[in-house]
Amino acid sequence: MTDARETAASEAIPAPVPLLDPREGIPPVTDSPEALAAVVSAFAAGTGPVAVDAERASGYRYGQRAYLVQLRRAGAGTALIDPVACPDLSALGEALADTEWVLHAATQDLPCLAEIGMRPGRIFDTELAGRLAGFARVGLGAMVENVLGYALEKGHSAVDWSTRPLPEPWLRYAALDVELLVDLRDALEAELREQGKLEWALQEFAAIAAAPPPAPRTDPWRRTSGMHKVRRRRQLGVVRELWTVRDEIARQRDVSPGRVLTDAAIVAAALAMPPNVHALAALPGFGNRMGRRQLDVWQAAVDRARALPERDQPQLGPVQGGPPPPRSWTDKDPAAAARLSAARAAVTALAERLNVPQENLVAPDAVRRVCWEPPAEPNAAAIAERLAERAARPWQIELVSDVIARALTAVQAES
């Protein structure tokens with residue numbers, strides 16, 4: 001969506017409710033069973049959708065738990081809840097079970113909300129709505145500014161939300177994050193309806209709300225930054241061992257793993273394979289600030305990895321659960337590479353015509369799998385069946401099945 005269209009959209013939207021008045025202060029933090037019971041009662045009696053947000057301490061603490069939960073609903077006002085002091089919010093979740101929850105980038109907050117008992121039945125994701133509507137910038141601040149004409153306070157998004165007590169400026173920032181979410185939701189619903197995309201969005205929201213918890217990652221250590229530099233199995237073994245030890249230490253201390261040992265240090269140790277603590281201490285990330293006891297822990301990890309027999313060392317590439325990386329298709333299967341190139345071009349062209357990001361129009365992995373092992377007869381019905389197997393939504397299947405089928409048929413005819 002162009003800036004001009006964004007401006008026009010904002011001019012057509014009624015003025016939202018006023019922002020928090022600095023003279024009135026911010027809502028008190030809910031941090032006791034009695035205060036939580038009052039919040040549950042107030043929000044159960046409220047009307048309309050409820051705006052929900054959560055703040056985590058990414059980069060500071062281990063895991064992605066919530067350290068503050070913010071809500072706003074007509075008739076109930078704004079609530080700031082401390083989930084450390086009130087770790088079970090299931091009563092609040094039950095009170096709002098039949099209410100539409102409005103979140104921004106819902107997939108980021110839903111896992112930590114589920115951990116404390118809050119699971120929505122219906123959602124409206126303002127970030128995803130913005131993507132489908134064609135907005136170029138879909139961060140909350142940009143969306144509020146472009147659509148509603150307000151500038152949200154910046155500067156506290158990356159702070160350590162596990163801090164107690166939370167400073168008042170941080171709490172004000174957090175309260176403002178839900179102040180206009182419902183107004184933004186209403187404006188985006190109108191925009192999506194005008195563009196004929198509202199049904200697409202509703203299907204996406206329903207899929208997110210119904211999605212099961214994500215499965216644990218296979219070999220999470222392979223996501224270490226800089227892994228592309230590691231080319232030998234024994235070096236990979238060092239990465240795996242150092243990552244595993246670091247993760248356990250981080251879990252025990254409840255700190256971000258990167259604060260225990262950086263990814264860059266892990267990769268440096270894997271490449272150098274230091275034979276002793278002295279050599280390890282000379283590597284980046286293992287310098288003067290690290291004590292001898294810590295160095296002994298890391299060196300022991302390196303030694304264990306080095307001592308493993310070759311058969312027990314990790315493979316150079318992760319175990320594939322699907323097609324190989326596309327960059328290798330030209331060598332492995334030139335016909336599949338041609339199919340993928342044609343399908344990608346067709347999907348990209350369609351996405352541009354619809355003013356929707358390609359990855360939202362259809363999951364890139366679904367396209368890759370269809371192209372790697374296409375149906376014997378790549379017609380629209382067969383492609384639709386394959387996409388449905390990959391959890392594509394009906395609106396996506398309807399739009400892209402014929403486009404992909406025609407692309408694959410054209411490649412087949414040329415071969």
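From a predicted model like this one, the values you see are computed outputs, not experimental measurements.

**Observations concerning the pairing of strand β2 (residues 47-56)**
Working step 1: In terms of burial, β2 is a largely internal element, 7 of the 10 residues being buried.
Working step 2: Note that β2 and strand β3 (residues 66-74) share 8 bridges and pair antiparallel. Bridge pairing links Thr-47 to Ala-74 in β3.
Working step 3: With 2 bridges connecting them, β2 and strand β5 (residues 100-103) associate as parallel partners. Note on β5: the bridge partner recorded for Ala-51 is Val-102.

**Details of the confidence of the model for the protein chain**
Working step 1: Taken residue by residue, the protein chain gives an average pLDDT of 92. The fraction at 70 or more is 93%.
Working step 2: pLDDT under 50 marks residues 1-18. Its contacts with residues more than four places away, or in other chains, come to 29 contacts.

**Quick word on the pairing of strand β6 (residues 122-125)**
Working step 1: Across 4 bridges, β5 lies against β6 in parallel orientation. Bridging from a neighbouring strand, Val-102 pairs with Phe-124 of β6.
Working step 2: With respect to chirality, the unit in which β5 leads through helix α4 (residues 106-115) into the neighbouring parallel β6 is right-handed.

**Brief notes about helix α18 (residues 364-372)**
Working step 1: If you check which residues of α18 are buried, you get Ala-366, Val-367, Val-370 and Cys-371. Down the axis of α18, the buried side of the element spans an arc of 130 degrees, and every buried residue falls inside it.
Working step 2: Elements that come into contact with the buried residues of α18 comprise α15 (329-332), α16 (334-354), α19 (380-389) and α20 (394-414).

**Points about the nonpolar core**
Working step 1: Within the largest apolar cluster, 80 residues are counted, with the highest numbers of intra-cluster contacts made by Val-69, Leu-71, Ile-81, Trp-101, Leu-113, Leu-387 and Ile-404.
Working step 2: Contact partners of Ile-81, with chain neighbours within four places excluded, come to Thr-30, Leu-36, Val-39, Leu-68, Val-69, Leu-71, Cys-86, Leu-89 and Leu-92.
Working step 3: Core analysis: the second largest hydrophobic core is formed by 29 residues, Trp-221, Met-227, Ala-250 and Ala-270 among them.

**Examining the sheet that holds β6**
Across a sheet, paired strands are connected by hydrogen bonds in the backbone, their directions being either parallel or antiparallel.
Working step 1: The strand order across the open sheet formed by 6 strands is β1-β4-β3-β2-β5-β6, and the pairing between neighbours is mixed. Single-partner strands in this sheet number two, and they are β1 (29-30) and β6.
Working step 2: For β1 and strand β4 (residues 77-81), the ladder comprises 2 bridges, and the chain directions are parallel. What sits directly across from Thr-30, in β4, is Ile-81.
Working step 3: Together, β5 and β6 form the strand contacts of helix α5 (residues 126-133), whose direction differs from that of β6 by roughly 55 degrees.
Working step 4: Relative to β3, helix α7 (residues 168-179) is tilted by about 45 degrees, and along the sheet it contacts β1, β2, β3 and β4.

**Some thoughts on the packing of aromatic side chains**
Working step 1: Taken as a whole and judged by the stated rule, the model has 5 aromatic pairs.
Working step 2: Where Trp-329 meets Trp-372, the ring centres are 4.8 Å apart and the plane angle is 50 degrees; that geometry is what we call tilted. Of this pair, Trp-329 sits in helix α15 while Trp-372 sits in helix α18; the two residues are 43 residues apart in sequence, bridging distant segments of the chain.
Working step 3: Among the aromatic residues, ring-to-ring pairing joins Trp-161, Trp-170 and Tyr-173 into one connected group.
Working step 4: In this arrangement the basic side chain of Arg-65 is found over the ring face of Tyr-67, its NZ or CZ atom lying 4.8 Å from the centre.

**Quick notes on the environment of Gln-412**
Working step 1: Its place among the elements puts Gln-412 in helix α20.
Working step 2: Gln-412 sits in the partly exposed class, given a relative accessible area of 44%.
Working step 3: The sequence separation of Gln-412 and Pro-394 amounts to 18 residues, and the corresponding C-alpha distance is 26 Å.

**As for helix α10 (residues 233-253)**
Working step 1: Between its first and last C-alpha, α10 extends 30 Å over 21 residues, near the 30 Å set by a 1.5 Å rise per residue.
Working step 2: Positive backbone phi, approximately 55 degrees, marks Asp-254, located one or two places after α10.

**Brief notes about the packing of helix α9 (residues 198-210) against α20**
A pair of packed helices is captured by two measures, namely the crossing angle of their axes and the spacing between those axes.
Working step 1: Orientation of α9 relative to α20, taken along the N-to-C sense of each, is 125 degrees, at an axis distance of 8 Å. Judged by the angle between their axes, α9 and α20 are oblique. For the pair α9 and α20, the contacting residues are Trp-200, Gln-203 and Glu-204 in the first and Pro-394, Trp-395, Gln-396 and Leu-399 in the second.
Working step 2: Broken down by class, the residue content of the contact of α9 with α20 amounts to 4 nonpolar, 2 polar and 1 charged.

**Topic: the state of the cysteines**
Working step 1: One pass over the structure, following the stated rule, counts 0 disulfides.
Working step 2: No disulfide involves Cys-86; its sulfur sits 16 Å from that of Cys-112, the nearest cysteine.
Working step 3: On the accessibility criterion, Cys-86 (5% relative accessible area) is buried.
Working step 4: Taking the relative accessible area as the measure of exposure, Cys-112 reaches 2% and is therefore buried.

**Some details on the packing of α10 against helix α12 (residues 263-272)**
Working step 1: Packing of α10 against α12 leaves a shortest axis separation of 8 Å and a crossing angle of 145 degrees. Here α10 and α12 pass one another in a crossing that is right-handed. Within the contact between the two elements, α10 uses Gln-235, Val-238, Val-239, Leu-242, Trp-243 and Arg-246 and α12 uses Asp-263, Ile-266, Ala-269, Ala-270 and Leu-271.
Working step 2: Per-class residue counts for the contact of α10 with α12 are 8 nonpolar, 1 polar and 2 charged.

Procedures and definitions
- Residues numbered from 1 in each chain as written.
- Predicted model: local features only at pLDDT ≥ 70, side-chain atom pairs only at ≥ 80, totals over all residues.
- Heavy atoms only, no water.
- Buried < 20%, exposed > 50% of the residue type's maximum accessible area, 1.4 Å probe, protein only.
- Helix = DSSP H or I, 4+ residues; strand = E, 2+ residues; numbered from the N terminus.
- Pairing = 2+ DSSP bridges.
- pLDDT = per-residue confidence, 0-100.
- Contact = heavy atoms within 4.5 Å.
- Right-handed = clockwise from strand over helix to strand, strands pointing away.
- Arc of directions from axis to C-beta.
- Core = buried A, V, L, I, M, F, W, Y, C linked by side-chain atoms within 4.5 Å.
- Axes fitted to C-alpha atoms, helices over the stretch in contact; angles between N-to-C directions.
- Phe/Tyr/Trp six-rings, centres within 6.5 Å; stacked < 30°, edge-to-face > 60°.
- Lys NZ or Arg CZ within 6 Å of the ring centre and 35° of its normal.
- Expected span 1.5 Å × (residues − 1).
- Parallel < 35°, antiparallel > 145°, perpendicular 65-115°, else oblique.
- Nonpolar A, V, L, I, M, F, W, Y, C, P; charged D, E, K, R; others polar.
- Disulfide = S-S within 2.5 Å.
- Left-handed = near helix turned anticlockwise from the far one by under 90°.

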